[in-house]
Structures are given as structure tokens and as C-alpha cells.
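Residues per chain, in single letters:
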Amino acid sequence: MITRFSIVTLVIFLLSAIFVIRPVSFPTRLPYLGRRRIGINLTTAPIIAIAILWASQCLGGTQIRDGIVGTDDIKPYNILILFITLAYMAITLDITGVLQAAAFWVSNKGGSNTRKLFFYFYVMLTLLSVLLGNDPVILSGTAFLVYYTRATNLPPLAWLMAEFAAANTSSMVLFVGNPTNVVICEGFLINNAAFTAYTILPFLACSVSCYIALFVQFRAEKHLPRMVPHTATLNVREVLQDPIGAWVGSVILGSCLIVIIIVSFFGVDVWKISLPFAGAKLIFDLVWDHHRFVAGRIGQPQADDPMDTALKRAMSAPNGEASAVGPSLSIAMPGPDPKMIYTPASAMTISPPTGPERPLFPRQHAYLRSKWSSFAAHFPTLATALPRLPIALIPFAFSQFILIEGLSHRGWIEVFAGWLVKATHGGNMYLTIWIIGVLGVLLCNVAGTNIGATILLTKIVRAAPNFPNNSTRAAAIALAVASNIGAVSFTFSASLAGLLWHRILQQKDIKHIGQWTFAYWNILPLAVMTSVGLAIVSAEMAVLYRS
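A brief report on the enclosed structure follows.

What counts and how
Residues numbered from 1 in each chain as written. Predicted model: local features only at pLDDT ≥ 70, side-chain atom pairs only at ≥ 80, totals over all residues. Heavy atoms only, no water. Helix = DSSP H or I, 4+ residues; strand = E, 2+ residues; numbered from the N terminus. Buried < 20%, exposed > 50% of the residue type's maximum accessible area, 1.4 Å probe, protein only. Areas by Shrake-Rupley, 256 points an atom, 1.4 Å probe, with all protein chains shown as cover. Salt bridge = Lys/Arg side-chain N within 4 Å of Asp/Glu carboxyl O. Expected span 1.5 Å × (residues − 1). Contact = heavy atoms within 4.5 Å. Patch = residues over 30% accessible without salt bridge, like charges linked within 9 Å, V, L, I, M, F, W, Y side chains within 5 Å. Axes fitted to C-alpha atoms, helices over the stretch in contact; angles between N-to-C directions. Parallel < 35°, antiparallel > 145°, perpendicular 65-115°, else oblique. Left-handed = near helix turned anticlockwise from the far one by under 90°. Nonpolar A, V, L, I, M, F, W, Y, C, P; charged D, E, K, R; others polar. Core = buried A, V, L, I, M, F, W, Y, C linked by side-chain atoms within 4.5 Å.

### Notes on the overall build of the chain
Counting secondary structure elements, the chain contains 23 helices and three strands. Within the chain, buried positions represent 56% of all 547 residues. Carbon and sulfur atoms form 67% of the exposed surface of the chain, whose accessible area is close to 22,800 Å².

Shown next, in the form of C-alpha cells:
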């Protein structure tokens, strides 16, 4: 039954989503800290919404507990531990330079033919995103393409938009590729290996159709010239800073993914597998960095990105080629770059003061900074990885689970489930696929990223009365497609990866890709992928449930 508490709960939920999409900030003066700007945004808006709803008795302690522990077979802590541990393994693998080395190798293979390079980079980013997930690829791929397009005098728009689309589309293949995939697997009781079996064909169709759409809309010479203006043979070994770390990291991450898929047949929580593997990788990183530090094989942190340095050196070489001699093992590891912290610009709670900075407890502040610098010099891998971990995901995801538990407590999930049954004519499988798929894409933009949209729609489908089993399974696979391609959408806040991508572009002085430009160039790829992807899901379900 809908009451005044229900209305308030829904209004606060929608306001929270609005502030996630369009954050606001206001100046205030804080004791000892001076004048600062306080933001209502990705991090703070859901927490403020929960506080208001709790104070107004629209939700209670039970809903907060359920949002953390989980209900309906969805365990938020399981999802977040899995995602953070896999992110650590993928990010530390990236720090070794393996992704940059792959990009250099592809650049050499493509030569000066821009169309060939565009295709090769799209394939490379797709394959890396399948294996590592979209976040590490967004972190390294975006920086590489910014440096590469500057060094070669190529317009960056087509390359960056293609990279973003490839990385997010590819994350639908493995259930660990995106937190939304884990929500779907747990919420609909889908085996991890079966998830890949369901999504591999929609992924291939979406990936191919997305490339065609991107190529068609960027085919003009002003976006993709026939030839690269400045070319050079890039030294792959120069950016592969830690070959041993790359091998060990690849083995640990690959073994973890294989074991997770195997144990999924036995109903074991995946975090119980990923956490020990991440712990083993952490121990290796500490021991290996200490060994190199003692042996004098770690230099001082570099002021410039090694990838940018290598590109500039190659492009400025007299014969157009980088030196064929690789660097020694004493090459400096890059220190932790505060610009690359995985906290989207819209997620910053308190920004630096507008006037002269007045740190609280300045002596202690200086002491901690010196200790951190010493730690970063001794253990550069860990010091670089920690700021890049998606820590902002933890409070945000828990908040989304709690808010949706609040909607359920006040009767809205049941209401929405009833509407779904009516819209699908009692659970028609094909209507379910298209309604859930299209709704999923749209809600990624307005329901607190694709994570919020996935949690909400999973709850709605699970609550739908007398919903056929085949339609429930079809809804799950349609939602898996929608929650991943929905990131390639109209707002940066459709996914955390979008916020990260936009933040990196701002830091690299790519100012011309704003919200409207992002939405405009995503319309065609998104429309094509939605149509093709959901059509493939419909065909799959028709074959599976043809009897």
C-alpha cells in the first residue's frame, strides 16, 4: 500500500539520482580549514538521502542492514569484495606496463594507415577489457590515446569515443567484468560459466555493430585521416617496466578467474576465492618491490609518464624510430599520481580551499607526507595501486542497495513489478526482453549509474507475481546486455567508468568532449547495439525455450 512515507521515499530517491547526474557544490567556512566547497554528488548524495529517510522514519535499521548483508540471494559485500580484489590484481598488472606495451605493439603493426590502426586499437581494447574489465583499460587506454594522438597530430575524438565504447561493451562477457554482472548472477541465480555462455553472442554482435557504427560516423577525413601525420616505430620494451611482475601478475589473475569459474558450479561465494589470490598478489608486490629496492633497481619516481616520454622520444627521433635498445631494469617506477585517483571529479566531497591552503595539524600533515613519500619510494607498486582502487564504489554501492531496500519496504518494488507484468502481457518472453533491455539502458542515465539501474530492475523482476521462468531468465540476460552497453550512453554518470574517463580527459586537457558531445556521438552506437544485442538475446531465448 502506497502511503505518504512511500511518496517521500520515492522523491528522495529521485533527488539522490539527480545529484549523482548533476552534482552541486557550495562554499562554506570550516573551523581550522578555511573556506572550502562542500559537494552533493556521487559520494555524498545517496548517504544524505539515507540519513533523511532514516530521520523521517521512511526506512529503519532493518533496511540498512539488508542493504549491506543482502536479500533475495544478492550479497552486496560479496560483490564489492570481489570487485575490489580483482581491481587490485588488474591495476597492479597494469602498473607493470603490460597494457602500454600492448598498445605500442599494436601501433607498430598498424603503421601509418589510420583506418587499420583504428581497427587494431579497437580489437586490442576489446580483448583487454574482456580479460581485465573496463576500469584498468580506461585508466591506461585513455592516457595512451591522449598522448598518442597528440604525438601523431591525430584528432582525438574518434579514438577516445571508440576506446570508451569498446571497453564498456566488452565487460559483459565475464561475470567479473562489471559489478552489474555479479548482481545479475546472484540475483537470478545464474552460474558464472553459464553467464558467459549467454552473453558471448550478444557481445560479439554488439562489438561488431558498434565498430561499424563508429566507423560510419567518424569516416570523414577530419576525424580519421587516410594516413597518420607523424609516425615512428615505438619501443615496446621501454614501457614494459617490470617484465617479471607482468608475468607473475598475469598468472595470478588468470588462475583466479579460472578457479572462480570452476568453483561457481559448487555454490562457493566468489569473494572467498578472489580475496586469497589478491592477498598472494599483495605479498608478491611487497616482497618483489623490497627486493628491487635493496638491489638498487628502483629509481626515483618520474615526474612525467613513461609512456608519454617514450612517445615523444620516438616521434622526435631523426630517423622516425625509437631506440631499439630497451632500458635497463633500473628504470624508475612512476610514483602514485594523485590525478589518477579513482574518485570521479563529481565524487569529491570537499574540494581544496579557494585561498591559501591551511592544513589541519600542519606538523602531523608534513610528517605523514614524508612517511608516504618514503613508503612510495620503497614500495612503488602498492603506492601507485592504492590510490587507483575504486574505493568510491564501496559507499556508493552500499547506499544504492539501502535506498532500493527502502523502496521495497515502502511498496514501490511491488508496484513496479505489477506494472511490468501488465506491460509484458503477463510475462511474454519477447516483450520482457525488449522492455527490460530498453529500460535498463535508459535507467543507467537516471537511476544512479548502471549499478543502481541493475539493482532496481533485478528486484522488480524477482518481485513480479507469477512471472514465467523463461521470461525471468530472458530478463536477466537482457539486463546483462543493457547494463554494460548502457554505459555508452547520454551521461557520464551512466557508469563509474564514464565518470573516471571524463575525469582523465579533463586532467589531460581534453576539454572539448563535454556532456553534449559525449551524448551526440554515442546515440548511433547505442541505438545499434541495443537493437542488435536484444535481437540476439531474443534469438537465444527462442532456441533455448522453443518447446
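Moving on, there is more to tell.
### Quick word on the pattern of salt bridges
This structure, assessed with the given rule, holds nine salt bridges. Residues Asp66 and Arg65 are paired through a salt bridge, measuring 3.5 Å at the closest nitrogen-oxygen approach. A salt bridge links Glu221 to Arg226, with the shortest nitrogen-to-oxygen separation between them at 3.1 Å. Exposure remark for Arg226: the relative accessible area of 52% places this residue in the exposed category. Within the structure, one salt-bridge network assembled from shared partners comprises Arg115, Glu221 and Arg226.

### Regarding unusual backbone geometry
Across residues other than glycine, the phi torsion is negative in most instances, and most of the peptide bonds are trans. Even without a glycine there, the phi angle at Asn153 is positive, about 60 degrees. Position of Asn153 relative to the elements: it lies in the loop between helix H7 (134–152) and helix H8 (157–170). Take Asn153: its relative accessible area is 47%, and that puts it in the partly exposed class. Even without being glycine, His425 reaches a positive phi, approximately 55 degrees. Of note, His425 is situated in the loop between helix H18 (412–423) and helix H19 (429–446).

### Observations concerning helix H22 (residues 496–507)
Taking 1.5 Å per residue as the helical rise, H22 with its twelve residues ought to reach 16 Å, and the 17 Å between its terminal C-alpha atoms agrees with that figure. Where burial is concerned, most of H22 is hidden: nine out of the twelve residues are buried. Here H22 has its buried residues at Leu496, Ala497, Gly498, Leu499, Leu500, Trp501, Arg503, Ile504 and Leu505. In this structure, the buried residues of H22 make contact with H7, H8, helix H17 (393–409), helix H20 (449–463) and helix H23 (515–544). One or two steps after H22, the chain reaches Asp509, where phi turns positive at roughly 65 degrees.

### Quick notes on a nonpolar patch on the surface
Residues Ile258, Ile261, Ile262, Phe265, Phe266 and Val268 make up a contiguous nonpolar surface patch of about 610 Å² in total accessible area. Secondary-structure assignment places Ile262 in helix H12 (residues 243–263).

### Focus: the packing of helix H4 (residues 76–95) against H17
Contact geometry for H4 and H17: axes closest at 11 Å, N-to-C directions at 160 degrees. Relative to H17, the element H4 lies roughly antiparallel. Pair H4 / H17 crosses with right-handed handedness. Along its contact with H4, which presents Pro76, Tyr77, Ile79, Leu80, Phe83 and Ile84, the element H17 presents Leu393, Ile394, Ala397, Phe398 and Phe401. Looking at the contact of H4 with H17 residue by residue, the class counts come to eleven nonpolar, no polar and no charged.

### Comments concerning the nonpolar core
In terms of nonpolar packing, the biggest core is built from 149 residues, with Phe121, Trp159, Phe175 and Trp501 touching the most fellow members. At eleven residues, H4 tops the list of elements feeding residues into this core. When near neighbours in sequence (up to four residues on either side) are disregarded, Phe175 contacts Leu82, Asn181, Val182, Cys185, Asn192, Phe195, Thr196, Ile260 and Val270.

So, to be careful, I would describe these as geometric facts and stop short of saying anything about function.
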